[in-house]
Amino acid sequence: MNPTFINVPAILLAALSGFAVGGLWYAPPVFGKAWMADNQLSTEQIQEGNKAKIFGFTAFFSLVMAFNLAMFLADEKTTVTWGATAGFLAGVWTFSAIAIHSLFELKSWRLIFINGGYSVVALTLMGAIIGLWR
């Protein structure tokens, strides 16, 4: 890792992309309805959630994900292809962790694939952005 290859604007854009992917991924027409059903959550319960806390921490953790990935990709040989590949592999890693926790929580396979799939897609896009704009 070479810190001179860390591009802060790329990290910010990558974090924003993860936030945006989540907004689309968990939207009702995509996976939102299934996610709510498998978590036994109603629209009313979702609306009662503390939005500042939820979105604030989501933005924070998206930044953590993007920065962590950027640290692994801080090399002069990093390309968009390698960035996307590394992001995908990081997504598989987090998918596996989500699956382990979810199995012990007796969650459905559908929910595991919804939550884990988000990680794979978001981290792949983050890696592509960081690799492209380093």
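Residues numbered from 1 in each chain as written. Predicted model: local features only at pLDDT ≥ 70, side-chain atom pairs only at ≥ 80, totals over all residues. Heavy atoms only, no water.

A. Just the packing of aromatic side chains, in detail. All told, the structure shown has eight aromatic pairs when counted by the stated rule. For the pair F60 and F61, a centre-to-centre distance of 5.1 Å together with 70° between the ring planes defines the contact as edge-to-face. Using a relative accessible area of 45% as the deciding quantity, one classes F60 as partly exposed. An aromatic cluster is present here, built from Y26, W35 and Y118 joined pairwise through their rings. (Phe/Tyr/Trp six-rings, centres within 6.5 Å; stacked < 30°, edge-to-face > 60°. Buried < 20%, exposed > 50% of the residue type's maximum accessible area, 1.4 Å probe, protein only.)

B. Looking closely at the packing of helix α4 (residues 51-72) against helix α6 (residues 109-132). It is the contact of α4 with α6, at a shortest axis distance of 10 Å, that shows an interaxial angle of 55°. Judged on the interaxial angle alone, α6 and α4 are oblique. For the pair α4 and α6, the crossing hand works out as right-handed. Of the residues in α6, those touching α4 at S62, M65, A66, L69 and A70 are L123, M126, G127 and I130. Class assignment of the residues belonging to the contact of α4 with α6 gives a composition of seven nonpolar, two polar and no charged. (Axes fitted to C-alpha atoms, helices over the stretch in contact; angles between N-to-C directions. Helix = DSSP H or I, 4+ residues; strand = E, 2+ residues; numbered from the N terminus. Parallel < 35°, antiparallel > 145°, perpendicular 65-115°, else oblique. Left-handed = near helix turned anticlockwise from the far one by under 90°. Contact = heavy atoms within 4.5 Å. Nonpolar A, V, L, I, M, F, W, Y, C, P; charged D, E, K, R; others polar.)

C. Expanded view of the nonpolar core. One finds A14, A66, L69, L73, L123, M126 and I130 to be the most contacted residues of the largest nonpolar core, which totals 13 residues. Mapped by element, the contributors of at least two residues to this core are α1 (8-25), α4, α5 (80-104) and α6. Looking at which element gives the most residues to this core, the answer is α6, with four residues. With near-sequence residues (within four places) excluded, L69 lies in contact with A86, G87, A90, L123, M126, G127 and I130. Core analysis: the next-biggest nonpolar cluster, separate from the first, contains six residues, V21, W25, Y118 and A122 among them. (Core = buried A, V, L, I, M, F, W, Y, C linked by side-chain atoms within 4.5 Å.)

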